[in-house]
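# Observations on chain architecture
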Amino acid sequence: MPNTASVPEAVTDRELRAYLYGLPGVDEVGAAARAKDLSTRSIKTTAKARAIDLAISMVDLTTLEGADTPGKVRAMCAKAARPDPEDRTVPSVGAVCVYPDRVGNAVEALRGTGIGVASVATAFPSGRAPLEAKLSDTRAAVADGASEIDMVIDRGAFLSGDYPKVYEEITAVKEACGNTHLKVILETGELSTLDNVRRASHLAIRAGADFIKTSTGKVSPAATPPVVLVMLEAVRDHHRDTGRHVGVKPAGGIRNTKDAIRNLVLVNETAGPDWLTPDLFRIGASSLLNDLLMQRTRLSTGTYPGPDHYTQD
Amino acid sequence: MAERRTDAKKTARKATRAPARLAVRKTYKLYLGGAFPRSESGRSYPVTSADGDHLANASLASRKDARDAVVAARKAFTGWSGRTAYNRGQILYRVAEVMEGRRAQFTDQLAVARGTDRAEAETIVSAAIDRWVYYAGWTDKFAQVIGGSNPVAGPYYNHSAPEPTGVVVVFAPQEAPLLGLSSVLAPVVATGNTAVVVTSETEPLAAVDLAEVLATSDVPGGVINLLTGRAGEIGPHLAAHADVDALDLAGAGEHATGFEEAAAESLTRVLRPGPEAGGDERAWLDPDPGTSRMSPFLETKTVWHPIGV
Amino acid sequence: MAEIFEYAPAPESRSVVTLRENYDLFVDGGFVPAESGENLTSLNPADESALATVAVAGPTDVDRAVAAARHAQENVWGPMSGAERGKYLFRLARILQERSRELAVLESMDNGKPIKETRDADLPLAAAHFFYHAGWADKLHHAGLGTDPRPLGVAAQVIPWNFPLLMLAWKIAPALATGNTVVLKPAETTPLTALVFAEICQEADLPPGVVNILTGAGETGQALVEHPGVDKVAFTGSTDVGRGIARAVAGTDKRLTLELGGKGANIVYDDAALDEAVEGIVQGIFFNQGHVCCAGSRLLVQESIAEELLPRLKERVSRIRVGDPLDKNTDLGAINSAGQLRRIREATDSGEAEGVERWSPACDLPTDGYWFAPTLLTGVSQSHRVAREEIFGPVLSVLTFRTPEEAVDKANNTPYGLSAGVWTEKGSRMLWTAERLRAGVVWSNTFNKLDPTSPFGGYKESGYGREGGRHGLEAYLG
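Everything numeric in this text was worked out from a predicted model, so none of it was measured.

### Concerning the overall build of chain B
Secondary structure summary: chain B contains ten helices and ten strands in total. Here the C-alpha radius of gyration of chain B, 20 Å, is about what a compact globule of 309 residues would show, namely 19 Å. In terms of overall dimensions, chain B has C-alpha extents of about 90 × 35 × 35 Å along its principal axes. For chain B, the proportion of its 309 residues judged to be buried stands at 52%.

This is the structure in structure tokens:
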């Protein structure tokens, strides 16, 4: 995990605005073209095998449904710890990701596995709740043993230009997290422009985020390649300027091995190989894991397995 | 003008009797950078009427005059091409207005120089004036007719627009000193180019009269520069001049091939002599030549820009 | 951590290409040997292996080809209805699409450019060019070039080695659409895709003589453009050869269009979208190994942003993958020929001798073949040779400017005028700059984009005439 940043000092509206509007713009067409160019990288044979295992180790195996039960969470945790019961060489996933009230179930199920539990918090997914409710949401998850908090930013405040509100919420949640790592969800699908993605990324990073995360998974579009590209540029630039590594987590819409590997290529060629670790790159997904497992089998056996050879959860 | 002609004829006949009033003759000079200098070489050459009578001594432009003309035209280019198309149209129309006011002068001049009757000269002068009106109307239209947007296969705004080539050397038609000259010159400047004109060698006087119109028509100095003299003498220097962007060889005659070869060295654009080039004023009467004499002196610039949020 | 994700080799299969040992000339619908019996060998610049030999056309062969083209123009192609001509072009476009994998691999082998580019740029654009012009064939009277536009006759076309098939498409498609017939000479070092195109003409049942392909070197090209039987000359290549051609056609009735060299300025203002500007700079100079007449070979960066931009640029250039052109992950392939490699080395060395600073990322170049690492030259000023002369290789000269006026002055301070780039997030500044640049193509916030609908061609010594779009038709109609 990255070094947790110290809680930054309060900033004025004027300072924040000057900072965010001083960032270089993003040309949407150019960013999309670069992401598309990188998507044509051909990752084959040994490189593909390594990429698949790396991707498995980066998955935040996620269930965020109103219908989540203790049983559903326990089943997912079993899968997270041993993705393929028949093949012990398969790495375990990066973490599981659940709602705050399921953290206890997950912590219990994963005891002794070393796999972390991430909890969404702060009135996920909309973030439309009073700050106090968001903080108590966070504290509850931390108290129940969450090792990572995935908070959402107040997109309404961001879009209305109330940057201090967004900033101060993040710093407050960060404080409530204590030593628990904080991922800040930008919900890029609601931010509309890549300029906003860049500004929101730097705002979150500056407010103390350990990770910046694209999406809740409840809004489309989610983790599109240009969005991931711009967020990777933000953490790259922050590292160049301060030496601090901030992680990136695309979530939503990454459903198959090809998408996952394209994300790894984006990481490799944008932020650089330093980020090719679960400590700095995660993929929020649920159905992706089985596709990674199927492709893994195909690579090692040369034949295509069927979906029923893998557990659904 | 009429008096001057009479005067000239009398001179030719070595008149023995002084006239009641001695006419004031015009000195025919070059038109360079908005001024009327004599050739720096101090040379002149006699110009005669169609009947062989001596009309005047025209300045015989030198290689250095040609070089100065290119400098003047280059200097004027940024300002002229940077004016609005509407403004250029206004100025070209003003040329026509001022010509109209001097149509008697042009008619007399042309009748003597060409040896035609007044009616014929009237026809040509009218057509010449109308030619300036015609191109005055083109200044703010050719870009729409020639340019446009291009539907490229991608998220890009893509637009092509014509721009003036730059400094154009015009070898004016030899046998069509007014309408021919106007027909080749007006399109060059209508499109925002600046011009160095080598006039008809044997009939240069109409060009100098036109220069006087230009000088009083808000045409900025240097936009049009007129050199009277011999294409064969100054043409090679102009054709090979690296700061000349295009040649109109309408009146280059036997020199056309040599000038085109010289132009090749700096990839100077060349408009070869067309079917009307060897003809007299009547060959230039077509009232609607379209874009044919503008597009050779235009460059197409295509600009791309992404379309995104 | 780097070794965790090295890309394994991902070579495109060569098996889609079936090469003959020797190719004859394509004249009047058939392959015929050259009168002289001479041949030249086309090499794979990535490993210097021989790919095939091709015939060298001499004056007699040029006579035959021009006669065949004349006969076809007067008796078949000219009289044919525009709609029917168009259908042939549509057919050619479709076959190019169908055989695109084969042609992409062959182009990569013969030229040295990466398969990624032949697959994603050369081939799709070549097919698109035929498709676009096919639709014009029966609509020429709507092109704003007169109510009864007529073909000129026989077009002599000489093309370069940097985009062999794409340049063929740029030449042949408009000529055919407008009712002309062609004799085309591909470049000496890259004749093979043109010869496959000849086979495609047969496959399309194109009437004999409409397209004739004469292989050979400079002398063949000279004999072709100077042949008294041609009505139109179209040349893409070096400015020096272009001058010679302009001289040669002087005084004739031949129409001429020239697409020549360039030294494109890529202007980056301090408010640019930096990451995309860096991509655009890279695309501008390293696309196709810099063998691009419209390359952005002069970077003009505003001094106030230079220190921010250059490290980003170097970091990005360090990620360029140089190597096997047929590897799908290769960004920068082989230099096309030993001669071109020598010229690039000579020009770059001269820059160093003049005191500019030279930088290339660490990269392992293959031992066989012709290779040149991506190179930045910094500390360059206008008077340096590397700021004035076209290098035509993966070498970027970096200059700085202080004000927009200075940027425009420096950009225009070249005898060339083909392309330029502008990077700024401010619309009015972009338009102000674009308006003042004396270049035929201005890419703002992008670079090296090509499209069949978009006219392409230069100002000043970059040549004259336009290719592509409605404007491009003018060169082939009288």
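There is more to say after this.
### Here's the deal with the overall build of chain C
Scanning chain C from N- to C-terminus turns up 15 helices and 18 strands. Its C-alpha radius of gyration of 22 Å places chain C within 12% of the 23 Å reference for a compact globule of 478 residues. With respect to the three principal axes, the spread of C-alpha positions in chain C is 65 × 50 × 35 Å. A fraction of 72% describes how many contacts in chain C between residues 6 or more apart in sequence connect residues 24 or more apart.

### Quick look at the confidence of the model for chain B
Confidence in the prediction for chain B averages 94 pLDDT; 95% of positions are at 70 or higher. Across residues 1-12 of chain B the pLDDT falls below 50, and counting only partners more than four positions away or on other chains, this stretch makes 18 contacts in the model.

### Re the interface of chain A and chain B
Across the contact, six residues belong to chain A and five residues belong to chain B. Residue classes in the side of chain A that touches chain B are distributed as one nonpolar, three polar and two charged.

### Side note on helix 2 (residues 63-82) of chain B
All names here are of chain B. The terminal C-alpha atoms of helix 2 lie 29 Å apart, and with 20 residues this matches the ideal 28 Å at 1.5 Å per residue to within 8%. The principal kink in helix 2, of about 40°, is found at Ala76. If you check which residues of helix 2 are buried, you get Asp65, Ala66, Asp68, Ala69, Val70, Ala72, Ala73, Ala76, Phe77 and Trp80.

### Re the nonpolar core
Across soluble globular proteins, you tend to see nonpolar side chains buried next to one another. With 356 residues, the main nonpolar core has Ala55, Val96 and Ala204 of chain A together with Val197 of chain B as its most contacted residues. In terms of domain composition, this core takes at least three residues from each of domain 1 (14-260 + 461-476) and domain 2 (265-451) of chain C. When near neighbours in sequence (up to four residues on either side) are disregarded, Ala204 of chain A contacts Ile153, Ile170, Val184, Leu186, Ala209 and Ile212 of chain A.

### Looking at the interface of chain C and chain B
Each side of the interface is counted separately: chain C has 31 residues, and chain B has 25 residues. Grouping the amino acids of the side of chain C that touches chain B by side-chain chemistry returns twelve nonpolar, twelve polar and seven charged. Looking at chain direction, strand 10 (residues 298-306) of chain B and strand 17 (residues 441-444) of chain C are connected through three bridges and run parallel. Pairing of Thr302 of chain B across the sheet is with Val441 of chain C, part of strand 17 of chain C.

### So, the sheet that holds strand 3 (residues 148-149) of chain B
One open sheet holds the ten strands; their spatial order is 3(B)-4(B)-10(B)-17(C)-16(C)-11(C)-12(C)-15(C)-14(C)-13(C), and the pairing between them is mixed. The open sheet terminates on both sides in strands that have one partner only, identified here as strand 3 of chain B together with strand 13 (357-359) of chain C.

### Observations concerning the environment of Thr375 of chain C
All names here are of chain C. Tracing the sequence through the fold places Thr375 in strand 14 (residues 375-378). Residue classification places Thr375 among the buried residues on the basis of 23 C-beta atoms within 10 Å. Apart from residues lying up to four places away in sequence, Thr375 is in contact with Thr348, Arg358, Trp359, Ser360, Pro394 and Val395.

### Observations concerning the domain arrangement of chain C
Residue and element names in this part refer to chain C. Domain boundaries in chain C define domain 1 (14-260 + 461-476) and domain 2 (265-451). A straight line from the C-alpha centre of domain 1 to that of domain 2 covers 30 Å. Taken together, the 22 residues of domain 1 in the interface contact 26 residues of domain 2. Sorting the residues of the side of domain 1 that touches domain 2 by element identifies helix 3 (100-111) and helix 4 (115-136) as the ones contributing at least two each. For the side of domain 1 that touches domain 2, the element with the most residues is helix 4, which contributes four residues. Split by residue class, the side of domain 1 that touches domain 2 holds eight nonpolar, six polar and eight charged.

Cut-offs and rules
- Residues numbered from 1 in each chain as written.
- Chains lettered and ligands numbered in written order.
- Predicted model: local features only at pLDDT ≥ 70, side-chain atom pairs only at ≥ 80, totals over all residues.
- Helix = DSSP H or I, 4+ residues; strand = E, 2+ residues; numbered from the N terminus.
- Rg over C-alpha atoms; globule rule 2.2 N^0.38 Å.
- Buried ≥ 20, exposed ≤ 12 C-beta atoms within 10 Å, placed from the backbone.
- Contact = placed C-beta atoms within 7 Å.
- pLDDT = per-residue confidence, 0-100.
- Nonpolar A, V, L, I, M, F, W, Y, C, P; charged D, E, K, R; others polar.
- Expected span 1.5 Å × (residues − 1).
- Bend = angle between axes of the 7 residues up to and from the residue.
- Core = buried A, V, L, I, M, F, W, Y, C linked by C-beta atoms within 7 Å.
- Domains from an automatic or database assignment.
- Pairing = 2+ DSSP bridges.

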